[in-house]
Amino acid sequence: MRTVLLQSLRRHLRRYVAAAVAVVVAVAFVVAVGVLTTGVRTGITAGAGSQFAGADHVVRDLGTQNAITYAAQHGDDVAVLGSATLPLRAGAEQAPGKFVGNIAAAPRLRWQTLDSGRFPERTGEAVVDVWTAQDMEISVGDEITLGAGSTAADLRVVGIVAASANLGQAAVYVTFEQLLNWRDDETLLLDRAVVVGDTGPLPDGATAVTPEEHAAESMAQHTNNVNVLSLLLLVFAGIALLVSVLVIANTFSILFAQRVRDLALLRCVGATRRQVMGSVRREAAVVGVLASLVGVAVGTGAGYGLVALVDALTRQSPLSAPAQLPGWWLLGGFAVGLVVTAVASWLPTRRVVRISPLAALRPDGAVDVRSGAGRNRVALGALFLAGGVVLLAVAAVRDSTVSMVAGGGTLFAGVLLLGPLVVPRVVRVVGALLGPGGRLATENAVRNPRRTATTTASLLVGVTLTTAVLTGLATTRASVDANHGTAHPLDVALTSWTGPLDAAVLDRVRATPGVGEAIAVDGVLVDLAGAEGAGSGGAGRPLLLLGAPDADQVARDGGAFARVEPGTVALDADVYGEDPAERLGDRTAGTVTASAGGDGEHDVAASPVQLRVTTGTGWGGAGIVAPETLTDLGTPRTYAVWVRASADADPVALLADMDTLADDIGADVDNGLRAEVADHQMLGTITAATLGLLGISVVIALIGIANTLGLSVLERVREHAMLRALGLTRRQLRRMLAAEAVLLSVTATLLGTVLGVGFAWVGYETFVQAALDAATWRVPWVQLAAVLPVGALAGLAAAVLPARRAAAVTPTAALTLD
């Protein structure tokens, strides 16, 4: 049998190359997904979890005194992550409460990025983040005051740190010793520390986790406790395993369909079942080991290349190449290649050796539901379909990612089992559209249903993944935008509290780079009876009421926040609290009373007007009323300009320009862009990872269909020779094979699109709605419409080489081949 093995390897080299390509592609897919997933983890740590990027551990639940003691015991290897909310004064600018953090003493543990200047080295020094620096006009070298009363500290600004979407980004950073100046402040929080090396003995109640785990949990707190990182890992691992198994199994099913006669002849000349099985196992071991090793190397290179490509193409570079190879993914990919190769070669061989050699020499018939095997296949396929649907329903109801992955795999397996029944019927429908010219291609495509279904399986996988990814990305982006639009409807608002704005201000705003759209907003200044601190500037200042019927032109929520009922005023809860009526009016009645201003300069109604109070967020200190309410209160004049940033705007540069303009006109600036940057941090990571997965899946689909189509053509070489002998020209043969490939590709694309959109909807129901309050289902019809012609072209391209090879063989030579 060793001689038979060597002769088989030499004689059928092309078949073994096809099998090795399938294994290489499958293993490379698993490894590349592993590198991509590790890149996501690293990217999250470098982004939302950048506070912990330089550390080996994060120690939590320390408590103030334990944190101080723990830091003193470990020196520069530990940096406590402290924070406090303190009043900030910079020249004439004041803020009642700003988030203050501390800078680590060890450079490795400093996660902030300097924009200018240097980091603080001693007490009395501070750095300010760029958003706060622009809001309060702070520059390097300026003096600021943090705190109030006896704990107030005068600090010199020695640096500006770059804007970040980090969940823990503060406005001001000082040394740890300086932060302890506010040890008795009730807002001081010292409960976490980052550690380099071993944590050592932990204080009672403290726990230690990895930076990746802590970053994932921190992100989950901002997505309704949905652990996006774990979810991505599970989904990607499930897809990698499913695709790798399908690619190898489909290729080997075609390969061994061609070898049934060879194995049967070996049985006829005296080879025992054990010898045949042993020979096949050795072949599978040789192909599996060598191809899996190559696949690990190819997958590693492809994964790192994809991470670099995504970083180069995306604006925020949300992925980071992992510093160390993902060892478990490499071992897992190698194991998958070896095990699946062995199983995929063993199953068809087992079927051959279990029947008599003469029976094995007969042609393999089509799947017949009236036969025992056909009924079993249909019953198993129907069972898998039903089980997959049930699991997906459970996933949607219970928000279970495990059920979603298991259900998707089970349902897809059911589709593949029923493929020999379903695919030929769809091929006939599609083939009827080609007219008489495509009749021969259609008949050839459906003549062997099992081979047809196997050939389309690879592209079916690719198209399903592609449509699911495209739909999932469109839905996720729409949901994130809707979520942000609800919480922060305005990107930038310029508001004047001293008098109406000049008509030229709107033109100046619209001419600013980065402004997509801007509108002028009319309003009236009023006083609130009995209010303390009405408005945005302190006690005794009038409240500005605005009405904006055309807010939909600039608002991220379509103008919903500005559509209020007559007799009602909407106030920003971030400015006035959750119960503004308690501070500004009658808490019991939930109303405020607008009356004429005391300085005699406001155009307001002579008699007070009582307004019901509602709350929202994202527009600043002005109140929002209906246009008719505004008219009842007085003569509306332009007091504000609302701005929507363009898609390619630089948020920092746009805010700087708006600050400069606001200084010229004496207006305040309300900034919603910073929240948008933070909102899109997670979206950028998910988008980059799924685009990488999409790129891999497209490559897998192209290689898979080219491989299986090539094997299919090789299997039918005698059939093609007979057609040539009957008068079919080489050109006609190439056209027939091309038409057949297009038929199979269009069929796979149609089925894959339906499955992909369905899987995306289950994903939306399972975790998008759980993670985001304002989830929105979105189908990218234009992109999905482009998938069909791309799939047809992919099939056509995959048929070029096999068709040319088939046409190049003369009929007499082809009829002599096995």
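Relevant structure appears above.
Residues numbered from 1 in each chain as written. Predicted model: local features only at pLDDT ≥ 70, side-chain atom pairs only at ≥ 80, totals over all residues. Heavy atoms only, no water.

### Some thoughts on the overall build of the protein
The helix and strand inventory of the protein stands at 25 helices and 19 strands. In the protein, which comprises 818 residues, the proportion classed as buried is 52%. A separation threshold of at least 6 residues defines the contact pool for the protein, and within that pool the share at least 24 residues apart is 82%. In the form shown here, the protein has an accessible surface area of approximately 35300 Å², with 57% of it arising from carbon and sulfur atoms. (Helix = DSSP H or I, 4+ residues; strand = E, 2+ residues; numbered from the N terminus. Buried < 20%, exposed > 50% of the residue type's maximum accessible area, 1.4 Å probe, protein only. Contact = heavy atoms within 4.5 Å. Areas by Shrake-Rupley, 256 points an atom, 1.4 Å probe, with all protein chains shown as cover.)

### A closer look at the nonpolar core
The biggest cluster of nonpolar side chains holds 59 residues, and the ones touching the most others in it are Ile144, Leu146, Val172, Leu190, Val509, Val641 and Met658. Top contributing element to this core by residue count: strand E2 (residues 78–90), with six residues. Here this core spans two domains, and each of domain 2 (57–209) and domain 4 (491–669) adds at least three residues to it. What Leu190 contacts, discounting residues up to four positions off in sequence, is Leu62, Gly63, Thr64, Ala67, Ile68, Val80, Gly82, Phe176, Leu179 and Leu180. Within the second largest apolar cluster, 38 residues are counted, among which are Ala493, Ala570, Ala594 and Ala622. (Core = buried A, V, L, I, M, F, W, Y, C linked by side-chain atoms within 4.5 Å. Domains from an automatic or database assignment.)

### Details of the environment of Gly97
Along the chain, Gly97 falls in strand E3 (residues 93–103). On a C-alpha basis, the gap between Gly97 and Leu146 in space is 9.5 Å, while along the polypeptide they are 49 residues apart.

### Let's talk about the pattern of salt bridges
Within the structure shown, the criterion is met by eleven salt bridges. Between Glu125 and Arg122 there is a salt bridge, and its shortest N-O distance comes to 2.9 Å. The class for Arg122 is partly exposed, based on a relative accessible area of 47%. Glu125 is the salt-bridge partner of Arg156, the closest N and O atoms lying 4.0 Å from each other. Of this pair, Arg156 sits in strand E7 (residues 153–161) while Glu125 sits in strand E5 (residues 125–129), and the two are 31 residues apart along the sequence. Given a relative accessible area of 35%, Arg156 falls into the partly exposed group. Three or more residues joined by partner-sharing salt bridges are found here, namely Arg118, Glu121, Arg122, Glu125 and Arg156. (Salt bridge = Lys/Arg side-chain N within 4 Å of Asp/Glu carboxyl O.)

### Notes on the side chain of Thr442
Here Thr442 lies in helix H14 (residues 439–447). For Thr442, a relative accessible area of 7% gives the class buried. Dropping the residues within four chain positions of it, Thr442 is found in contact with Val427, Arg428, Gly431 and Leu743.

### Re a nonpolar patch on the surface
A contiguous nonpolar surface patch, about 740 Å² in accessible area, is contributed by Val286, Val289, Leu290, Leu293, Leu338, Val339, Val343, Trp346 and Leu347. The set of elements that each furnish at least two residues to the nonpolar patch consists of helix H8 (273–313) and helix H9 (327–354). Here Val286 lies in helix H8. (Patch = residues over 30% accessible without salt bridge, like charges linked within 9 Å, V, L, I, M, F, W, Y side chains within 5 Å.)

### As for a positive patch on the surface
A grouping of Arg730, Arg731, Arg734, Arg735 and Arg804 is seen on the molecular surface, where their side chains present a positively charged patch. Ranked by the residues each element gives to the positive patch, the list is headed by helix H23 (residues 730–771), at four residues. Position of Arg804 among the secondary structure elements: in helix H24 (residues 781–808). For Arg804, a relative accessible area of 55% translates into the label exposed. (Lys, Arg positive; Asp, Glu negative; His and termini not counted. Charge placed at Lys NZ, Arg CZ, Asp CG, Glu CD.)

### A word on the environment of Glu93
Positionally, Glu93 belongs in strand E3. Given the relative accessible area of 32%, Glu93 is considered partly exposed. Every residue in contact with Glu93, bar those within four places of it in the chain, is listed here: Leu88, Asp135 and Met136.

### Here we look at helix H22 (residues 717–725)
Of the residues making up H22, those classed as buried are Val717, Glu719, His720, Ala721, Leu723 and Arg724. Downstream of H22 by a residue or two, Gly727 has a phi angle that is positive, lying close to 120°.

In short, the description is geometric, and any link to function would need to be established separately.
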